[in-house]
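# Understanding the architecture of this molecule
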Amino acid sequence: MASVNPPPLRTEAEFEHALSEVERLLEEPHAPETVEDLWFNRLLTRIADYHDAQPPARRDANLERLQDLEAQMKAFGKRWPNPNNPEGAGHWSPMLGGDLDPSHHR
């Protein structure tokens, strides 16, 4: 399981792995407010931080997959976590989708 403060994602492979893990967690049924929920929120925070730190071309390359993830999250009533509250209570509004628009990074 995850450490309390996982390190930031540093490579495309780590980013891809985190995205896959979030997608898996999203599809698996589990009780609310579980350890998986905390891990899910931490993964989302790491994914968002990595995405934001990338140059515009890399952000554009990941845009479609992140938008698909966001659509799945919305279908399940999930939102991107608030980075100021690592325990996951409260959320950003709107979701990260507003930040995924390529025109915001040019």
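In the block above lies the structure referred to throughout.
Residues numbered from 1 in each chain as written. Predicted model: local features only at pLDDT ≥ 70, side-chain atom pairs only at ≥ 80, totals over all residues. Heavy atoms only, no water.

For the rest of this paragraph, the subject is the environment of Leu66. With respect to the secondary-structure elements, Leu66 resides in helix α3 (residues 56-75). Assessed through its relative accessible area of 0%, Leu66 is described here as buried. Spatially, the C-alpha atom of Leu66 lies 9.3 Å from that of His51, the residues being 15 residues apart in sequence. (Helix = DSSP H or I, 4+ residues; strand = E, 2+ residues; numbered from the N terminus. Buried < 20%, exposed > 50% of the residue type's maximum accessible area, 1.4 Å probe, protein only.)

So, about the packing of helix α1 (residues 12-27) against helix α2 (residues 35-53). Between α1 and α2, the least distance of the axes is 9 Å, while the angle of their chain directions is 145 degrees. For the element pair α1 and α2, the recorded crossing hand is left-handed. Two secondary-structure elements touch here, α1 through Glu12, Phe15, Ala18, Leu19, Glu21, Val22, Leu25 and Leu26 and α2 through Glu36, Trp39, Phe40, Leu43, Leu44, Ile47 and Tyr50. Taken together, the residues that form the contact of α1 with α2 break down as 12 nonpolar, no polar and three charged. (Axes fitted to C-alpha atoms, helices over the stretch in contact; angles between N-to-C directions. Left-handed = near helix turned anticlockwise from the far one by under 90°. Contact = heavy atoms within 4.5 Å. Nonpolar A, V, L, I, M, F, W, Y, C, P; charged D, E, K, R; others polar.)

A separate point is α1. With 16 residues, α1 should reach 22 Å at 1.5 Å per residue; the first-to-last C-alpha distance of 23 Å fits that figure. Three or more residues of α1 are buried, namely Phe15, Ala18, Leu19, Glu21, Val22, Glu23, Leu25 and Leu26. Each element contacted by the buried residues of α1 is listed here: α2 and α3. (Expected span 1.5 Å × (residues − 1).)

Tracing the backbone shows Pro7 in the segment before α1. A sequence separation of 39 residues divides Pro7 from Arg46, and the C-alpha atoms of the two residues are 8.2 Å apart.

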